[in-house]
Amino acid sequence: MHALTGFSLVSLLSFGYLSWDWAKPSLVADWPGEAGEQRSAAPPQPPHIIFILTDDQGYHDVGYHGSDIETPTLDRLAAKGVKLENYYIQPICTPSRSQLLTGRYQIHTGLQHSIIRPRQPNCLPLDQVTLPQKLQEAGYSTHMVGKWHLGFYRKECLPTRRGFDTFLGSLTGNVDYYTYDNCDGPGVCGFDLHEGENVAWGLSGQYSTMLYAQRASHILASHSPQRPLFLYVAFQAVHTPLQSPREYLYRYRTMGNVARRKYAAMVTCMDEAVRNITWALKRYGFYNNSVIIFSSDNGGQTFSGGSNWPLRGRKGTYWEGGVRGLGFVHSPLLKRKQRTSRALMHITDWYPTLVGLAGGTTSAADGLDGYDVWPAISEGRASPRTEILHNIDPLYNHAQHGSLEGGFGIWNTAVQAAIRVGEWKLLTGDPGYGDWIPPQTLATFPGSWWNLERMASVRQAVWLFNISADPYEREDLAGQRPDVVRTLLARLAEYNRTAIPVRYPAENPRAHPDFNGGAWGPWASDEEEEEEEGRALSFSRGRRKKKCKICKLRSFFRKLNTRLMSQRI
């Protein structure tokens, strides 16, 4: 009888827990009070780590940067923590995610060019020890929720094989927020929502931002605070397609620009999802010994409602609007809170920083490009980082007016590259569209105001800026300071000598979702991978030997496709 009563009680509690819609913001009426923020005298170590990554959120698109979009949760967390105002990321999705999880620059993982596309036999190199794997070694339970976008053509590439105990999310880079369908070209469409290594057909219909916040809360509810936790929440928001629950759109009904209105609704919904995750951290006893990190993955896409104003450029470019990140750290464990840090930081720095917090170690043998910046964040010390290699992409369209002679015989300035050393930033090749784009508040977009500030010269392949004095990149000093240009070109050449070959294989028709039950997922065996690499090698050799009109025609369409896809990603 007692056993039956106990079973009934547990069943009722379980039913109540599972039926609670954690992601619905209205269920959390008030921010937890100060009582929930009290710290124990001796918090257990190591700390719980919660890393929240947003997709395509512009530098201007947060309340504390003066945005017209409401982000009260992010504003409050940042105000009580440390705002990172000299923090850099990468201009597109895959590179930022790869550098976060490996602590290495793109040139050291072979992912220098573009993103990993759904039909490519490519993924985060399997010989890399990832951040979650290092944290597992330190005794952490590791969980991922959200967007992967680091390749999946083999099962060995999946998040659950790269260090995460559990995974719920999408493997590709761009899915419908409700149906989780992704089309990688006309007629090449498939479902992309996975739980672990299985397709999660039954979860379709739930808005991804809310679904991911709900899963994060469930993980916290079922995990013991006594065991260290790494929770990586990579929201799909606010990447296209522009979709939002109706109640959030209503808040911005007076906003004239339709794209900006939808985008704003998505940002606010994501903000409230972060609020629910923070609330769950406090409810289940994690908060007092937790470190919450918030980061964007690249600049905002201005064609889709995002804004990086007053920074120059947009997503996909190496101007500040493409690589200057939104970031802050919120934690009761910070020694100096409620301040702004201008210490130079890069997304590769999270790897050694978080491994150090976890009680693990890294060494020169790990080949990391990141630095442990926790003393700079927590105590306000100087950053150990003095320079950032934004990237060197030898496959990107070469600038028409660049040359080795123009680079003092040190560097071919036709190659797309960007580097920052101290206060100086150098760009070569084609860094992407260099517009200054004001917030899109007008009803028509683009309109006549779009042409107010355009990149002045297209007959150029070298730019130099003092970023500390000129963060908006308005005064090109390349002509006035050839000595600095020469020095930074030499640094690019040094970095390039350490680069590994670019891995950007041709798409394989075997990856079509129709061959996988209608869903995107692993498709290649070891034998198929070897055959694919052989074809790619023979193709590259053939290109070197053979010159013909049809080859030039293919090259033209390949360049055209690159430009078109750059708009899409």
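Note that the structure is predicted; figures quoted are calculated from it, not measured.

### Some remarks on the state of the cysteines
Thought 1: What the rule picks out here adds up to 2 disulfides.
Thought 2: Here C123 engages in a disulfide with C157; their sulfurs sit 2.2 Å apart. On the sign convention where negative means left-handed, the S-S torsion of about -60° between C123 and C157 marks this disulfide as left-handed. Of the two residues, C123 sits in the loop between helix 3 (93-102) and helix 4 (131-137) while C157 sits in the loop between strand 4 (141-147) and strand 5 (166-170), which places them 34 residues apart along the sequence.
Thought 3: On the basis of relative accessibility, which here comes to 5%, the residue C123 falls in the buried class.
Thought 4: Note on cysteine connectivity: C183 is disulfide-linked to C189, with sulfurs 1.9 Å apart.

### Comments concerning the environment of G187
Thought 1: Secondary-structure assignment places G187 in the loop between strand 6 (181-183) and strand 7 (189-191).
Thought 2: In this structure, the C-alpha to C-alpha distance between G187 and H512, residues 325 residues apart in sequence, is 9.5 Å.

### Section: unusual backbone geometry
Thought 1: For the bond running from A237 to V238, omega is 10°, close enough to zero to count as cis.
Thought 2: With respect to the helices, strands and loops of the structure, V238 is situated in the loop between strand 10 (229-234) and helix 6 (246-251).
Thought 3: In this structure, P241 follows T240 across a cis peptide bond, with omega equal to 5°.
Thought 4: Mapped onto the elements, P241 comes out in the loop between strand 10 and helix 6.

### Brief notes about the sheet that holds strand 17 (residues 424-428)
Thought 1: In spatial order, the strands read 15-16-17-18; together these 4 strands make up an open sheet with antiparallel pairing. Only two strands of the sheet have a single neighbouring strand rather than two, namely strand 15 (387-393) and strand 18 (462-466). Taking each pair of neighbouring strands and ignoring which way they run, the sheet shows an average axis angle of 10°.
Thought 2: Two elements, strand 17 and strand 18, share 5 bridges in a ladder whose sense is antiparallel.

### As for the packing of helix 5 (residues 208-222) against helix 7 (residues 258-283)
Any two packed helices are characterised by how steeply their axes cross, that is the angle between the axes, and by the distance between the axes.
Thought 1: Axis separation between helix 5 and helix 7 bottoms out at 9 Å; the angle between their running directions is 5°. Taken together, the axes of helix 5 and helix 7 lie roughly parallel to each other. In contact with T209, M210, A213, A216, S217 and L220 of helix 5, helix 7 contributes C269, M270, A273, N276, I277, A280 and L281.
Thought 2: When its residues are assigned to classes, the contact of helix 5 with helix 7 shows 10 nonpolar, 3 polar and no charged.

### Describing the sheet that holds strand 13 (residues 339-341)
Thought 1: Read across the open sheet, the 10 strands follow the order 9-8-5-4-10-1-11-12-2-13; overall the sheet is mixed. Edge strands, defined here as strands with exactly one partner in the open sheet, are strand 9 (198-199) and strand 13.
Thought 2: In the sheet, strand 1 (residues 48-54) pairs with strand 10 via 5 bridges, with the strands oriented parallel. Bridge pairing links L53 to A234 in strand 10.

### Concerning the packing of aromatic side chains
Thought 1: As enumerated under the stated definition, the model contains 15 aromatic pairs in all.
Thought 2: On the numbers, 6.2 Å between centres and 20° between planes, the contact of F164 with F230 is stacked. Remark: F230 occurs in strand 10 and F164 occurs in the loop between strand 4 and strand 5; sequence separation between them is 66 residues. You'll find F164 and F230 in the same group, each marked buried.
Thought 3: The positively charged end of R253 is found above the aromatic ring belonging to Y250, 3.9 Å away from the centroid.
Thought 4: Of note, R474 hangs over the ring of W436, and the distance from its end group to the ring centre comes to 4.7 Å.

Calculation criteria
Residues numbered from 1 in each chain as written. Predicted model: local features only at pLDDT ≥ 70, side-chain atom pairs only at ≥ 80, totals over all residues. Heavy atoms only, no water. Disulfide = S-S within 2.5 Å. Helix = DSSP H or I, 4+ residues; strand = E, 2+ residues; numbered from the N terminus. Buried < 20%, exposed > 50% of the residue type's maximum accessible area, 1.4 Å probe, protein only. Pairing = 2+ DSSP bridges. Axes fitted to C-alpha atoms, helices over the stretch in contact; angles between N-to-C directions. Parallel < 35°, antiparallel > 145°, perpendicular 65-115°, else oblique. Contact = heavy atoms within 4.5 Å. Nonpolar A, V, L, I, M, F, W, Y, C, P; charged D, E, K, R; others polar. Phe/Tyr/Trp six-rings, centres within 6.5 Å; stacked < 30°, edge-to-face > 60°. Lys NZ or Arg CZ within 6 Å of the ring centre and 35° of its normal.

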